[in-house]
Each structure stands twice: as structure tokens, then as C-alpha cells.
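# Fold and geometry: a report
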Amino acid sequence: MMDSKGWLSADALIAFLVLIILITSLINIVGNRIDTVNSIEEASESRVLGENIAQQIETTHSNGPGYYTIYRTPSTIFHEYYHVHINSSGLYIFVNGKTCYSYLSFMRVTGSDYMRDLEVTLKPDTSYNITSKQDTLKNTWIVIKEVW
């Protein structure tokens, strides 16, 4: 590496710079791979949560008026804040700028006993009562209300 006078040779200096460039490139690639894995894990947790809530709603609906179940939402999805929006077209989970969709068969979903509003928003770390009810016209509604 050094000649007899103590100076670095140009070859050793170039080899050292190439080694530094390779190491920083590998660190960048590994960092990007870790970010991708975290994003996939966040999406899969969102999908599982959506399917669990959809299953609870479908089960309540199929058991008919009077049936209810209690469901507690998790506190985070992969350490990120989220919220769930439900309407008659499906269930949407919004987390970290991404949206996950779960299918619901067509049904009337509301957040009140008056059965007027046609959508519900669920918050993290909260328990909800999911109830099947009928209105005066014998239409079946899924009422989702926060449990106090």
C-alpha cells in the first residue's frame, strides 16, 4: 500500500474508493429491501384485519335480526395508525397512505339505531357491537356502534 517513502500508491487509493462505493451501494440495496418487506407486511396485516371485520359483519347478517357480536379493533397495523370505513359497497382500511379493500355482499350498514347514515368509521383499539336489525319495512340492517 505504501511505497518506501510512506506515500499511498494510486492503485491502493482507487481500490479503497471502489470498496467504499460497493459497501454504500449494498447498504442502500439492503435498506430498500427492508422497506419493501415492511410495506408488504403492513399490507398483509391490513388485509387480514379487513377480512376479519368483513367475516364478523357477514356472520351477523346471515344469522338474521337480533343476532349480534362484539369485535375489538387492534391498536395499530404494523405500528401505524389506521381507520376503517364501511359502507354498503365494502370495507376500506386506510393506513400509511394506502387503502385496502374487502368485499361485503350488498347490505345496509349504519352507525346509528335510526338507520339513516349509510356508512361507519371504525377507530383503532375500540370495541364495537355489530347487530343485525330490521326496520319498519322489514329491511335488514347491520348496525355497528361503539361499545362504551
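Refer to the structure presented above.
In this report, we go over the structure that sits alongside the text. Everything numeric here is computed off the predicted structure, so don't read it as measured data.

Basis of the calculations
Residues numbered from 1 in each chain as written. Predicted model: local features only at pLDDT ≥ 70, side-chain atom pairs only at ≥ 80, totals over all residues. Heavy atoms only, no water. Helix = DSSP H or I, 4+ residues; strand = E, 2+ residues; numbered from the N terminus. Rg over C-alpha atoms; globule rule 2.2 N^0.38 Å. Buried < 20%, exposed > 50% of the residue type's maximum accessible area, 1.4 Å probe, protein only. Areas by Shrake-Rupley, 256 points an atom, 1.4 Å probe, with all protein chains shown as cover. Lys, Arg positive; Asp, Glu negative; His and termini not counted. Charge placed at Lys NZ, Arg CZ, Asp CG, Glu CD. Patch = residues over 30% accessible without salt bridge, like charges linked within 9 Å, V, L, I, M, F, W, Y side chains within 5 Å. Salt bridge = Lys/Arg side-chain N within 4 Å of Asp/Glu carboxyl O. Pairing = 2+ DSSP bridges. Axes fitted to C-alpha atoms, helices over the stretch in contact; angles between N-to-C directions. Expected span 1.5 Å × (residues − 1). Contact = heavy atoms within 4.5 Å.

Before going further, it helps to spend a moment on the overall build of the protein chain. Helices and strands together make up the secondary structure of the protein chain, namely one helix and eight strands. Relative to its length of 148 residues, the protein chain is extended, with a C-alpha radius of gyration of 27 Å against a globular reference of 15 Å. Dimensions along the principal axes, computed over C-alpha positions, put the protein chain at roughly 100 × 30 × 20 Å. For the protein chain, the residues scored as buried account for 30% of the 148 residues in total. Accessible surface, the protein chain as shown: approximately 9700 Å² in total, 60% of it carbon and sulfur. The distance from the centre of the 11 positive side-chain charges to the centre of the 15 negative ones in the protein chain is 8 Å.

A cluster of nonpolar side chains, namely Leu13, Phe16, Leu17 and Ile20, defines an oily patch on the protein surface of about 370 Å² accessible area. Along the polypeptide, Ile20 turns up in helix α1 (residues 10-62).

Right, let's get into the sheet that holds strand β6 (residues 119-122). Here four strands make up an open sheet; going across it, the order is β4-β3-β2-β6 and the pairing antiparallel. The open sheet has two free edges, formed respectively by β4 (98-102) and β6, since each of these has just one partner strand. Between one strand axis and the next, the sheet turns by 20° as a mean value, whatever way the strands run. For strand β3 (residues 90-95) and β4, the ladder comprises five bridges, and the chain directions are antiparallel. The residue of β4 that forms the bridge with Leu91 is Ser102.

Our next topic: α1. An ideal rise of 1.5 Å per residue puts 78 Å on 53 residues; α1 measures up with 78 Å between its terminal C-alpha atoms. Taken as a whole, α1 has its buried residues at Ala12, Glu42, Ser46, Leu49, Gly50, Ile53, Ala54, Ile57 and Thr60. Gly64 sits one or two positions beyond α1 and adopts a positive phi of about 85°.

Let's shift gears to the pairing of strand β8 (residues 140-146). Summarising the sheet, strand β5 (residues 108-110) and β8 pair through three bridges and their orientation is parallel. Within the sheet, the bridge partner assigned to Thr110 lies in β8 and is Val143. The sheet contact formed by strand β7 (residues 127-134) and β8 spans seven bridges and is antiparallel. From the neighbouring strand, Ser132 faces β8, where its bridge partner is Ile142. The turn linking β7 back onto β8 is made up of five residues, and Lys138 within it adopts a positive phi angle of 70°.

Attention now moves to the environment of Gln56. Its place among the elements puts Gln56 in helix α1. For the pair Gln56 and Tyr71, spaced 15 residues apart in the sequence, the C-alpha separation amounts to 7.7 Å. Beyond its immediate stretch of four places on either side in the chain, Gln56 contacts Thr69, Tyr71 and Ile130.

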